[in-house]
Amino acid sequence: MSKIAITDYFDKINPEKEILGELVGLGIGPETEVLIVWHEKINDEFCKNLPNLRGVQRYGVGYDNLDLDYLKSRNIIACNNPDYGVDEVSDSAVAMIMNISRGISNYNFQAKSYFNNWQENVNREIKRNSDTVVGIIGAGRIGGSVLMKCNALRYKTVFYDPYKERGYEKMIGSQRLDSLDELLAISDIVSIHTPLNDETAGIINKSFIKKMKVGSSLVNTARGGLIDHIDDLLDPLMTGHLNNVALDVIPNEPPRDEKLIELWRKSDPKIQGKIIINPHTSYFSQASIRELRTNAAKNALRIYKRETPFNLL
């Protein structure tokens, strides 16, 4: 059994061994003091036979698979890993924003039916970046990075984040809005970058979408659970209330047989070119996955050595 044990996902642990040596392994048992976790649910059932467990380190940013109340009741430290993949996720969001604003995916779909004419088939709704309002919900590490990148691309940017300190808007070069409804009403493209918690779960619902500007678009590279139900997006896409939807994360992964998913899989003309779904991969690059693993291992070692860990939940 390992003193520091990896619970799931990885079966080759060379990056972790570079830092943790023989402390780390895949065996979990009574001697285990620290867990490094990907998807495994860490709760009383999982931990009941781990009497020496002192800490849990998440590989990723989100921690909805950790029962924090239970861990706190046993004085078990819990940490996440927020300082990896910021550029990868924000780059993916900006790529989706650019794809929407320039109509690239939609043009690709529509062009397949053009045989007798070509260049004149323009989307007359497309505006310059400088005339397009990008609204960011959640302006932390990733949302702030998206704001700065969109500023560099000459978009008009606004953000809503009641938890960011006043004056942050001056540093980031964007306009702060104090109302989510105002952001939804004026934004041509909305990109959401909030954590998933009791306050934000299901925030993207029918009411949220109804408040969005007619013809606007939605980007979600944050957490799938922010969407109440993926089929809530279908009618707005088909009626034109939503112009485009780009998702790296969805409520059920892998997707279930919801209506929108069925039409997406079939490349149905009703939504083809209007929706992009990626398989929760915006975090990934060769560099970011190594950063994720080494950061988690370094913090697990701090927990094991009884040093103050980073990113305590």
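As shown above, the structure is provided for reference.
This report concerns the structure included in the present document. (Residues numbered from 1 in each chain as written. Predicted model: local features only at pLDDT ≥ 70, side-chain atom pairs only at ≥ 80, totals over all residues. Heavy atoms only, no water.)

Section: the nonpolar core
Link 1 in the chain: Judged by nonpolar contacts, the single largest core of 31 residues is most densely connected at Phe208, Leu233 and Leu260.
Link 2 in the chain: Of all elements in the fold, only strand S6 (133-137), helix H8 (180-186), strand S9 (189-192), helix H9 (206-211), helix H10 (234-239), strand S11 (242-247), helix H11 (259-265) and strand S12 (275-277) reach the threshold of two or more residues within this core. (Core = buried A, V, L, I, M, F, W, Y, C linked by side-chain atoms within 4.5 Å. Buried < 20%, exposed > 50% of the residue type's maximum accessible area, 1.4 Å probe, protein only. Helix = DSSP H or I, 4+ residues; strand = E, 2+ residues; numbered from the N terminus.)

Quick notes on the packing of aromatic side chains
Link 1 in the chain: Here the structure, examined in full by the defined rule, presents nine aromatic pairs.
Link 2 in the chain: Ring geometry for Trp38 against Tyr59: centres 5.8 Å apart, planes inclined by 50°, an arrangement best described as tilted. Residue Trp38 is found in the loop between strand S3 (34-37) and helix H2 (44-47), and its partner Tyr59 is found in the loop between strand S4 (55-58) and helix H3 (68-73); the two are separated by 21 residues along the sequence.
Link 3 in the chain: You can call Tyr59 buried: its relative accessible area is 0%.
Link 4 in the chain: With centroids separated by 5.9 Å and ring planes inclined at 85°, the aromatic side chains of Phe159 and Tyr168 adopt a geometry described as edge-to-face. There is no split in this pair, since Phe159 and Tyr168 are both buried.
Link 5 in the chain: By way of ring pairs, the aromatic residues Tyr9, Phe10, Trp38, Tyr59, Tyr283 and Phe284 are connected into one cluster.
Link 6 in the chain: Seen from the ring of Tyr168, Lys164 lies directly overhead, with NZ or CZ sitting 4.4 Å from the centre.
Link 7 in the chain: It is Arg302 that lies over the ring of Phe310; its NZ or CZ is 4.2 Å from the centre. (Phe/Tyr/Trp six-rings, centres within 6.5 Å; stacked < 30°, edge-to-face > 60°. Lys NZ or Arg CZ within 6 Å of the ring centre and 35° of its normal.)

Brief notes about the sheet that holds S6
Link 1 in the chain: Strand order in this open sheet of seven strands is S8-S7-S6-S9-S10-S11-S12, and the pairing throughout is parallel. Of all strands in the sheet, those with a lone pairing partner are strand S8 (175-176) and S12, marking the two edges.
Link 2 in the chain: Pairing of S9 with strand S10 (residues 216-220) involves four bridges; the strand directions are parallel. Across the sheet, the residue bridging to Val190 is Leu218, located in S10.
Link 3 in the chain: Docked against the sheet, helix H4 (residues 86-102) engages S6, S9, S10, S11 and S12, running at close to 160° with respect to S10. (Pairing = 2+ DSSP bridges. Contact = heavy atoms within 4.5 Å. Axes fitted to C-alpha atoms, helices over the stretch in contact; angles between N-to-C directions.)

As for the packing of H4 against helix H6 (residues 141-152)
The geometry of a pair of packed helices is captured by two quantities: the angle between their axes and the separation between those axes.
Link 1 in the chain: Between H4 and H6, the shortest axis-to-axis distance is 9 Å and the interhelical angle comes to 50°. With respect to their mutual orientation, H4 and H6 come out oblique. Considering how the two elements wind past one another, H4 and H6 form a crossing that is right-handed. On the side of H4, the interface is formed by Val86, Asp87, Val89, Ser90, Asp91, Ala93, Val94 and Ile97, while H6 contributes Arg141, Ile142, Ser145, Val146, Lys149 and Cys150.
Link 2 in the chain: When the residues that make up the contact of H4 with H6 are grouped by side-chain class, the tally is eight nonpolar, two polar and four charged. (Parallel < 35°, antiparallel > 145°, perpendicular 65-115°, else oblique. Left-handed = near helix turned anticlockwise from the far one by under 90°. Nonpolar A, V, L, I, M, F, W, Y, C, P; charged D, E, K, R; others polar.)

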